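If you want the building blocks of each chain, they are given just below.
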Amino acid sequence: MDLNSLTIHELQEKIRAGEATATDIVRDVFTRIDAVEQDVHAYISLMKDDAFVEASRADADIRAGNLRPLTGIPVALKDILCTKGFRTTCGSHILHNFVPPYNATVVEKLKEAGAVFVGKTNMDEFAMGSSTETSYYGITRNPWDLERIPGGSSGGSAAAVAADECIASIGSDTGGSIRQPAALCGIVGMKPTYGRVSRFGLIAFASSLDQIGPFTKDVTDCAITMNVIAGYDSRESTSVPMDVPDYCKYLSRGIGGWTVGIPKEYFIEGIDPEIMASMKKAIGIIEGLGAKCIEISLPHTEYCLAVYYIIAPAEASSNLARYDGVKYGFRSQDGRELLEMYKKTRSAGFGPEVKRRIMIGTYALSSGYYDAYYKKASQVRALIKRDFEEAFKRCDAIMTPTTPTPAFKIGEKTDDPLQMYLSDIFTISTNLAGIPGISVPCGFTGDGLPMGVQFLTGHFEEGKLIQIASAYEKSASIEKSRPGL
Amino acid sequence: MEYEPVIGLEVHAQLLTDAKIFCSCSTRFGAEPNSHTCPICMGMPGVLPVLNRKVVEYTMKMALATHCRINGACNFARKNYFYPDLPKGYQISQYADPLSEHGYVEIEINGGKKRIGITRIHMEEDAGKLLHDEHNPLSYVDLNRTGVPLIEIVSEPDMRSAEEAAAYLRRLHEILVYLEICDGNMEEGSFRCDANVSLRPKGEETFGTRAELKNMNSFRNVQRALEYEIKRQQYILEGGQVVVQETRLWDDSQGVTHSMRGKEEAHDYRYFPDPDLVPIMIGDTWIEEVGKSLPELPLEKRERLIIEYEISPYDAGVLTSSRALADYFEEVARLSGKPKIAGNWVMGDVLRFLNEDKRDIKNCPILPGSLAEMILLIEGGAISGKMAKEIIEDMYKTGKEPREIIETKGLVQITDEEALKKAIEEVLAANPAQVEQYRGGREKLFGYFVGQVMKETKGKANPALVNELLKKMLAAS
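Rules used throughout
Residues numbered from 1 in each chain as written. Chains lettered and ligands numbered in written order. Predicted model: local features only at pLDDT ≥ 70, side-chain atom pairs only at ≥ 80, totals over all residues. Helix = DSSP H or I, 4+ residues; strand = E, 2+ residues; numbered from the N terminus. Rg over C-alpha atoms; globule rule 2.2 N^0.38 Å. Contact = placed C-beta atoms within 7 Å. Buried ≥ 20, exposed ≤ 12 C-beta atoms within 10 Å, placed from the backbone. Pairing = 2+ DSSP bridges. Axes fitted to C-alpha atoms, helices over the stretch in contact; angles between N-to-C directions. Domains from an automatic or database assignment. Parallel < 35°, antiparallel > 145°, perpendicular 65-115°, else oblique. Nonpolar A, V, L, I, M, F, W, Y, C, P; charged D, E, K, R; others polar. pLDDT = per-residue confidence, 0-100. Core = buried A, V, L, I, M, F, W, Y, C linked by C-beta atoms within 7 Å. Expected span 1.5 Å × (residues − 1). Arc of directions from axis to C-beta. Right-handed = clockwise from strand over helix to strand, strands pointing away.

Visitor: Quick rundown of the overall build of chain A? Include the residues and the values.
Guide: In terms of helices and strands, chain A carries 15 helices and 11 strands. In terms of C-alpha radius of gyration, chain A reaches 21 Å, essentially the compact-globule figure of 23 Å for 485 residues. The dimensions of chain A, computed from C-alpha atoms along their principal axes, are 65 × 55 × 45 Å. Considering only contacts in chain A between residues 6 or more positions apart, those separated by 24 or more positions represent 76%.

Visitor: If you had to explain the overall build of chain B to someone new, which residues and values would you point to?
Guide: Within chain B, the regular secondary structure consists of 15 helices and 16 strands. Against the compact-globule benchmark of 23 Å for 477 residues, chain B has a radius of gyration of 30 Å, which places it well outside the compact range. Counting over 477 residues, chain B shows a buried share of 38%. Within chain B, contacts between residues at least 6 apart in sequence are counted, and of these 68% link residues at least 24 apart.

Visitor: Describe the sheet that holds strand β4 (residues 77-80) of chain B, listing the residues and the values that go with them.
Guide: All names here are of chain B. Read from one edge of the open sheet, 3 strands run β5-β4-β15, paired in antiparallel fashion. Of all strands in the sheet, those bounded by a partner on one side alone are β5 (90-93) and β15 (272-273). Two elements, β4 and β15, share 2 bridges in a ladder whose sense is antiparallel. Bridge assignment links A77 to a residue of β15, and that residue is P273.

Visitor: Outline the sheet that holds strand β8 (residues 292-296) of chain A, supporting the account with residue identities and numerical values.
Guide: All names here are of chain A. In spatial order, the strands read β1-β3-β2-β4-β6-β5-β10-β11-β9-β7-β8; together these 11 strands make up an open sheet with mixed pairing. Looking along the sheet, the strands with just one partner apiece sit at the ends: β1 (43-46) and β8. Across the sheet, the mean angle separating the axes of adjacent strands is 30° when strand polarity is ignored. The sheet contact formed by strand β10 (residues 437-444) and strand β11 (residues 450-456) spans 6 bridges and is antiparallel. By the bridge assignment, F444 is partnered in β11 with P450.

Visitor: Account for the domain arrangement of chain B, with residues named and values stated.
Guide: Structurally, chain B comprises domain 1 (3-287), domain 2 (296-409) and domain 3 (417-475). For domain 1 of chain B versus domain 3 of chain B, the separation of C-alpha centres amounts to 66 Å.

Visitor: How would you sum up unusual backbone geometry? Please name residues and give values.
Guide: With an omega dihedral of 10°, the bond running from G152 of chain A to S153 of chain A counts as a cis peptide bond. For S153 of chain A, the location among the structural elements is in the loop between β3 (116-121) and α5 (155-162). For F460 of chain A, which is not glycine, the phi dihedral falls at a positive 65°. Here F460 of chain A shows up in the loop between β11 and α15 (462-476). Since 21 C-beta atoms lie within 10 Å of it, F460 of chain A is described here as buried. Notably, E180 of chain B is not glycine yet its phi reads approximately 60°, a positive angle. Its location among the elements puts E180 of chain B in the loop between α2 (162-178) and β11 (191-201).

Visitor: So, the packing of helix α2 (residues 22-40) of chain A against helix α3 (residues 48-63) of chain A: which residues are in play, and what are the values?
Guide: Residues and elements named next belong to chain A. Orientation of α2 relative to α3, taken along the N-to-C sense of each, is 155°, at an axis distance of 7 Å. Between α2 and α3, the angle is such that the two are roughly antiparallel. Taken together, the residues of α3 that come into contact with α2 (itself represented by A22, T23, V26 and F30) are K48, A51, F52, A55, S56, A58, D59 and I62. Split by residue class, the contact of α2 with α3 holds 8 nonpolar, 2 polar and 2 charged.

Visitor: Please give an account of the confidence of the model for chain B that cites residues and values.
Guide: With 99% of its residues at a pLDDT of 70 or more, chain B has an overall mean of 90. Per the prediction output, this complex has pTM 0.90; the corresponding ipTM is 0.95.

Visitor: Let's hear about the nonpolar core: which residues, and what values?
Guide: Formed by 223 residues in total, the largest nonpolar core has its most connected members in V75 and V116 of chain A together with A165 and Y168 of chain B. A total of 11 residues in this core trace back to one element, the largest contributor, which is α2 of chain B. Apart from residues lying up to four places away in sequence, V75 of chain A is in contact with L70, L110, A115, V116, F117, V118, C166, I167, A168, S169 and I170 of chain A. Core analysis: the second largest hydrophobic core is formed by 31 residues, L325, C364, Y396 and I405 of chain B among them.

Visitor: Now, about helix α10 (residues 338-349) of chain A: what can you tell me, with residues and values included?
Guide: All names here are of chain A. End to end, α10 covers 16 Å across 12 residues, agreeing with the expected 16 Å (1.5 Å per residue, within 8%). Those residues of α10 that sit buried are Y342, T345, R346 and G349. Relative to the axis of α10, the buried residues are bounded by an arc of 90° and lie together on one face. Exposed side chains of α10 directed beyond 90 degrees from the buried face belong to L339, E340 and S347.

Visitor: Any details on α3 of chain A? Residues and values, ideally.
Guide: Residue and element names in this part refer to chain A. A rise of 1.5 Å per residue sets the reference length of α3, with its 16 residues, at 22 Å; its end C-alpha atoms lie 23 Å apart and thus fit the reference within 8%. Along α3, the positions that sit buried rather than exposed are A51, E54, A55, A58 and I62. The arc that holds the buried residues of α3, viewed along the axis, is 110°, so those residues lie on one side. Facing away from the buried surface of α3 by more than 90 degrees, the exposed residues are D49, A60 and R63. Elements in contact with the buried residues of α3: α1 (8-16), α2, β2 (74-78) and β3.

Visitor: Can you break down the environment of K202 of chain B residue by residue, with the values?
Guide: Residues and elements named next belong to chain B. Checked against the element boundaries, K202 lands in the loop between β11 and β12 (211-216). Once the C-alpha coordinates of K202 and P5 are considered, the two residues, 197 residues apart in sequence, prove to be 8.7 Å apart. Those residues in contact with K202, other than ones at most four positions away along the chain, are E2, Y3 and E4.

Visitor: Residue-level account of the pairing of β12 of chain B, with values.
Guide: Residues and elements named next belong to chain B. Two strands pair when backbone bridges link them, and β11 and β12 are joined in this way by 4 bridges, in the antiparallel orientation. Residue A195 lies in a different strand from β12, and its bridge partner there is L213. As defined by bridge partners, β12 adjoins strand β13 (residues 246-251) across 4 bridges and the pair is classed as parallel. Within β13, the position partnered with A211 by the bridge is E246. With helix α3 (residues 219-238) bridging β12 and its parallel neighbour β13, the resulting β-α-β unit is left-handed.

Below, the structure is given as C-alpha cells:
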C-alpha cells in the first residue's frame, strides 16, 4: 500500500503499530511526486533533502516513544508562508530570490508538532487569483482533470493533497483561496475565524481578510491540524487571546436538534445544475442527521463581491508597496535614478493581475475617491457582518455550495477577470465577516469533477464547524476514489 | 498695505522609549548603521507590528501637559509613499483618529501672555536615513531610526510673528524635556520643526496662500527662516504678484529658502486605517494614572517659585529653564533657608562654570548641600562674599566641601574685634591727611578706608564689622 495516499490519523495508527516509519512515509510521498509532479506541478520548490533528515529525526522520536501530534507527517506549505533559510516567492517574480530569516508562526507550530515539510506549493501571485494561473512559476493542474484548473489561490496546496503528493497542506484564504480549491480538488479545506491562526510570517495580500488554514483528506485530519496551528500569537495585534479547544472532540458528536440555515441569496442564476442537485442532496443528508434546515436571508449578499474588490485591492496596494527593489527581491538594473528603478522593478517584477489590483486599490484610496469607495465599502462590510450575526441568532450553522461551478478549463477565464472573480462568489462573504468556513466534498459531476459543500458558523466556532462537517462527511459517505493520474 | 503673518508649526519629537514603536529594537542614537534593525522595522514580507504601550503613555503625558483632550478610542493609519528610507512603502501614523486634540500652551510675548492652540498630538514611526556617497552616485540606507517613536504636535495657525513661533517652540521643547519623554536634541533630530507661513492684509479674516518651510534644525534657524519667508512673501505681495503654494527648504548657509516642490507635486498619501493594528482604547482610569505621574510643569513651577521664594519673574524663568536646575536651586534654597541668595549663586557662578564647560547641572561637581553650607558660612560671618567667590571656584574645580577649602587655604574671616581695631588704627595712622579730609566732610572717603583695611587684612576681614568699627573710630577722636 502506498502510505502517501493515507490520512494523518491512518498513518498515526500505522506509526504506533510499528507498521510504518516516517522515512517510509516520506519516501512514498517523494516517489509519488517523482511520478505525478510533472503533470500536476503542485510545487514551486521541494525540500527533499531536508525532508529525509527530518524523517529520520522523527523516526528517532518514534523509537523513543516521543509522539507529537504530527510526528513524521509530510506537510506541504503554500509558498506564501515564510520559511527560515528557504526561498519564499509568494508566486511572484519580485520575490524570486527572497530567503526569509524567520519562520511564520504557523511553520514554527507545525515544526514543534513534528511535521515534516515536503515543499512550498504553487499559488496565484500574491494569492491574487482563483485558478493558480497567475503564478510566475507556471500553472498547477487539477489532479482530477489535467485540462482544468485546481482553483486558487492555494491551488498548489489543494492539488498536492488531492494527488497524494503530501498528506496535508497549509494554505491561506482571503476570499475563498482555501475553500474554493478544496472543493474543486475534492478535499477538505478550512478557513478559521480571523484572529484564530497567527498571520505572522504570512506574506500579506489583504491584511483584514487573510487567514491561514489546512487542506486535508478528511475532516478528522482537519481537526488534528487545527489543533496544531490555532492559537494566540503575541507577535500579531489582531490575534485573539482565546483558549483553543480540542477540535477532535467535536468529531463524532452529531448534529441532532441543530438548525441549519440555507441563505436564499446563494441560490442564484448561473449555478451549475449538478452543483444545485448536489446541494439538494446534501440538505437531505443534513436533515437525515436530525437537523432542521431553514431558509434564511443574508440581505447584503449582492454587495459582497463589490465590497471585497475594493477592500482587498486597497489593502494590497499598500501591502505590496514594500516590494520596491531597494532591500530584497528582484531589482531592475536598468533604472538610472530612483524613480526609474522603482518603476522598472515593479513593472517587471509583478504580473498583470497583481498590477491590476494595485491600480484598483490605489484608485480606491485616492484623495477624493476614498469616501465613495473605501469608506463606503467598509460601511457595507459592517452590514454584511451584521447579516451573519443576525442569521446565527436563528441557526447553528449555514450551508451553501462552495463554488458556483466545478473546476473550469485552463485559460477559460484568464482574459475575463470579472468571470474569474465570480468563482469566489460564495466564499468571499465569510472573509468580510471574519467568520470560519469549511468546504467538504459532496460528490462528483457526471464528468467526474469533485464538488464541495460549504458550512459556516459564528466567530470562533470552529468546533461546531468540525462537528457538522464531520457528521455530514460520515453520513454522505462520498466514495473515496482517487484521481486517476 | 500692512501685512500680518500667520504661522502654524508642526513639531516632531522622538520619544525616549528604550524600544521602537512596533518592535523591540533599540532606539539608541549613533550606532553602526543597520545594527538596530529586525525583520519588522526593515519591512520584510509577512511581518507584523505590535504597539509599544510606553509610546501611548508618553504621548498621553504630552497631551495632558498641553491641555489636550485624549480620545477614548484612536487608531493608526497608513501614510503611503515611496522612499528608500521607508522600507514598508508606508509610514504608520495617525490620521482621522489621533490620540489627542484641542489643547494649548501659553507663551510670554511683549510682557504679556498668549495662548497658542494645539490642533492635535499623534503617534507615528520615524523613517530611516539616507547617506549619500560624496564621490560616487550611490546612496546608502540606514534603518536604525526606522520605527523610533515620534509624536507630531500640530499647532493652530495662531502665531503672528517669527518671535512668537520661536517662543512657542521653546515652550514645547521645555515641556517635552520636563516630562522626560524627549531629549530635545535638535542637532540629532530628536526635536524637529516644519512651519506653515502665509501673509494677509492686516484686519483680513481669510488666510493667504501658505508656504511650508522645512530643514530648520535650531530655534535660531526657525526664527531666521520665518523672518526671511515673511519678507519674501511681503515682497511678492507688494509687487502685486501672488504667493505660490509650495514646500520650501531653509538654506542655513545662504540664509534663504528655496522651493523644493510645488502643490501639483504634492503627495496623495492615500491614508487608510492600518488593518494590522487594532484600535487603542483609553479609559479614564488610565488617563488619571498618567495624569498623576506628571511632574510640575515649567509654568506652574515658575509661578510657585515667584510666590514661595519671593524671587523675580526673570530669576524664576532662569532657574526653571530645566527641571534639574530648578530642583538644584530648590535644594540649595531649602538647605540654606536663603532662597534669594541661593538663586544668585546658582544663576551667577554655578551657571557660569557650567556654561563654560558645557556641562549639565546634573553633573555639577558642587552639590546643593555644599553650596548651601557656603551660603550659611557667609551669613554666619565666617567668610566674606569676596572669599566665597574664591571658595566656590575651588569647590567647582575639586568637588571639595567649603570648610575643607577654607581650612587648607586659611581663609577664615577675621571677626575678632580687637584684631580689626588694631588693623583700623594702623590704617588711620598711616593716612592722616585722608582722615582729616573725611572728618572735614568728604564722606566719600569712607570706601577708601574700607579698601585699605581689607588690603591690610588680605581680604579676610568681615566687611560688616569693618564698616561698623570704622564708622565708630572715625567719628571718635
